[in-house]
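Next come the chains, spelled out residue by residue.
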Amino acid sequence: MSTTLFSKRLSKELIDLKINPPAGIEVAESDTFKCWKLSLDGVEGTLYAGERFTLEFRFTPNYPMESPEVVFVGNIPIHPHIYSNGHICLNVLYNQWSPVLSVRSVCLSIQSMLSSCTTKEPPPDNNHYVKTAKASPKQTQWSFHDDSV
């Protein structure tokens, strides 16, 4: 994919996110097309209501043909699919990525995942994973078997 297409796509997404942001989602930092930070608020009536988290999106020039790398930074939610190093186990970030998806749709998917959670607990293999994980979650061989939280 050409850099021009990559830049046009991200420019369009950024303008849309700034003009018409989804509820509870705000662009915090977008100085380059390599890395963006977005604030994500816990939805009222959920376990995460009143909490604010930061997602970091890292893009390659192959975006949107290739998914961005997405991790939580700073205050990381305690959730069965979110590791304490910020890595997120969510299929649309890896094997279910499609170029029709966007930063907006990824944020909404993560917000929905948080909203449907009924118990704040880390993944059962959190300690082992964090000790052995590569820096990029895209280098992890994820196993998607539980979509109940």
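Heads up: the structure comes first, above all this text.
What you see is a predicted model; the values in this text were computed from it and never measured.

Visitor: Tell me about the environment of Glu66, residues and numbers included.
Guide: If you trace the backbone, Glu66 turns up in the loop between strand 3 (52-58) and strand 4 (69-73). Relative accessible area serves as the criterion here: at 29%, Glu66 is assigned to the partly exposed category. The sequence separation of Glu66 and Gly45 amounts to 21 residues, and the corresponding C-alpha distance is 34 Å. Setting aside residues up to four positions removed in sequence, Glu66 forms contacts with Thr60, Trp97 and Lys138. Among the polar contacts listed, one links the side chain of Glu66 to the side chain of Lys138, at a separation of 3.3 Å.

Visitor: Talk me through the packing of aromatic side chains; I want residue IDs and the actual numbers.
Guide: Per the stated rule, a full pass over the model turns up eight aromatic pairs. Judged by centre distance (6.0 Å) and plane angle (45°), the rings of Tyr63 and Trp97 are tilted. With a gap of 34 residues between them, Tyr63 in the loop between strand 3 and strand 4 and Trp97 in the loop between strand 4 and helix 2 (103-115) connect regions that are remote in the sequence. Judged by its relative accessible area of 13%, Trp97 is buried. Here Tyr83 and Tyr129 contribute two aromatic rings whose centre-to-centre distance is 4.3 Å and whose plane-to-plane angle is 40°, an arrangement assigned as tilted.

Parameters at a glance
Residues numbered from 1 in each chain as written. Predicted model: local features only at pLDDT ≥ 70, side-chain atom pairs only at ≥ 80, totals over all residues. Heavy atoms only, no water. Helix = DSSP H or I, 4+ residues; strand = E, 2+ residues; numbered from the N terminus. Buried < 20%, exposed > 50% of the residue type's maximum accessible area, 1.4 Å probe, protein only. Contact = heavy atoms within 4.5 Å. Polar contact = N/O pair within 3.5 Å; in protein donor to acceptor, adjacent residues only side chain to side chain. Phe/Tyr/Trp six-rings, centres within 6.5 Å; stacked < 30°, edge-to-face > 60°.

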